[in-house]
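# Residue-level structure breakdown
Okay, here's what each chain looks like letter by letter:
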Amino acid sequence: MCWRVGSGAMCELRPAHAEEAPALRQLVRTAYAHYAQRLDREPAPMLDDYAARIAQRQAFVVEVDGALQGVAVLEDSEEGLYLDDIAVAPAARGTGLGRKMLAWVETEGRRRGHKRLWLYTNEVMAENISMYHHLGFGETHRAEESGYRRVFFEKSL
């Protein structure tokens, strides 16, 4: 899938390639770095195994003018399409890329036959909580898992 973002730059959303695992890990680390201080630990996406995600065909990337600027990790589940992670490189913040990626995730969920999209974020990531509410996600519950205080959201597809 391709579209224009920000200043009209062309981007392409596609499955990640095996050799891109280190670049995905670095993109996620830089995208989440500002949260690590709030959490007093690394956010869970910083610890993920992106080589395994790519091998399982769960990782998708966005290239903008040939540079990786976004990543989404999707899992099919009995409860619906689970968005395990979505991250935008700091240089691409404010361009609308994240919202376009989320719109693609919704479309992909419907294409895969899911009726529900679900995800969670950390309770200290107030910007994410606000954004998900604004984009029509409903908060379902809050829980502590693996030492992280998580806020769960869902959206009907």
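Our structure is the block above this text.
Computed from a prediction, not measured in an experiment: that's the story for all the values here.

### Details of unusual backbone geometry
Residues other than glycine seldom take positive phi values, yet Arg57 does so here, at roughly 60°. Looking at the element boundaries, Arg57 is found in the loop between α2 (50-55) and β3 (59-64). Look at Arg57 and you get exposed, because its relative accessible area is 71%. Although it is not a glycine, Ser146 sits at a positive phi angle of roughly 50°. A relative accessible area of 61% means that Ser146 is categorised as exposed.

### Examining the layout of surface pockets
In this structure, the largest pocket encloses a volume near 790 Å³. If you trace the largest pocket, you find 35 residues lining it, with Tyr32, Tyr35, Ile86, Asn128 and Tyr132 closest to the centre. Here the element with the most residues in the lining of the largest pocket is strand β5 (residues 80-88); it accounts for six residues.

### Section: the packing of aromatic side chains
Enumeration according to the criterion identifies seven aromatic pairs in this entry. Ring geometry for Tyr82 versus Trp118: centroids 4.3 Å apart, planes at 25°, classification stacked. Residue Tyr82 is located in strand β5, and its partner Trp118 is located in strand β6 (residues 116-122); the two are separated by 36 residues in the primary sequence. Each member of the pair Tyr82 and Trp118 is classed as buried. The rings of Tyr82, Trp118, Tyr120 and Phe152 are connected pair by pair, giving a single aromatic cluster. One residue, Arg41, lies across the ring of Tyr148, its end atom 3.8 Å from the ring centre.

### Looking at the environment of Cys11
Within the secondary structure, Cys11 is located in strand β2 (residues 9-15). Residue Cys11 is classed as buried on the basis of its relative accessible area of 2%. Linking Cys11 and Val62, residues 51 residues apart in sequence, is a C-alpha distance of 6.4 Å.

### With respect to the nonpolar core
Counting 24 residues, the largest nonpolar core has Leu83, Leu97 and Met101 as the members making the most contacts within it. Of all the secondary structure elements, the ones that give two or more residues to this core are β2, β3, β4 (67-77), β5, α3 (97-111), β6, α4 (126-134) and β8 (148-156). Aside from chain neighbours lying at most four places away, what touches Leu83 is Ala72, Val73, Leu74, Leu102, Val105, Leu117, Trp118 and Leu119.

### Structural notes on the pairing of β8
Judged from the seven bridges that link them, β6 and β8 form a sheet pairing that is antiparallel. By the bridge assignment for β8, Tyr120 is matched with Phe152. Looking at chain direction, strand β7 (residues 138-145) and β8 are connected through seven bridges and run antiparallel. Its bridge partner lying in β8, Gly138 is registered against Glu154. Linking β7 to β8, which pair antiparallel, is a turn of two residues; within it Ser146 sits at a positive phi near 50°.

### With respect to α3
Given a rise of 1.5 Å per residue, 15 residues ought to cover 21 Å, and the 21 Å separating the end C-alpha atoms of α3 matches this to within 8%. Three or more residues of α3 are buried, namely Leu97, Met101, Leu102, Trp104, Val105, Glu106, Glu108 and Gly109. Looking one or two residues past α3, Gly113 carries a phi angle of roughly 90°, positive in sign.

What counts as what
- Residues numbered from 1 in each chain as written.
- Predicted model: local features only at pLDDT ≥ 70, side-chain atom pairs only at ≥ 80, totals over all residues.
- Heavy atoms only, no water.
- Helix = DSSP H or I, 4+ residues; strand = E, 2+ residues; numbered from the N terminus.
- Buried < 20%, exposed > 50% of the residue type's maximum accessible area, 1.4 Å probe, protein only.
- 1 Å grid on protein atoms, 1.4 Å probe; cavity = no way out; pocket = protein on both sides within 12 Å on 5 of 7 lines; lining within 4 Å.
- Points joined across faces, edges and corners; volume = space filled by probe spheres on them.
- Phe/Tyr/Trp six-rings, centres within 6.5 Å; stacked < 30°, edge-to-face > 60°.
- Lys NZ or Arg CZ within 6 Å of the ring centre and 35° of its normal.
- Core = buried A, V, L, I, M, F, W, Y, C linked by side-chain atoms within 4.5 Å.
- Contact = heavy atoms within 4.5 Å.
- Pairing = 2+ DSSP bridges.
- Expected span 1.5 Å × (residues − 1).

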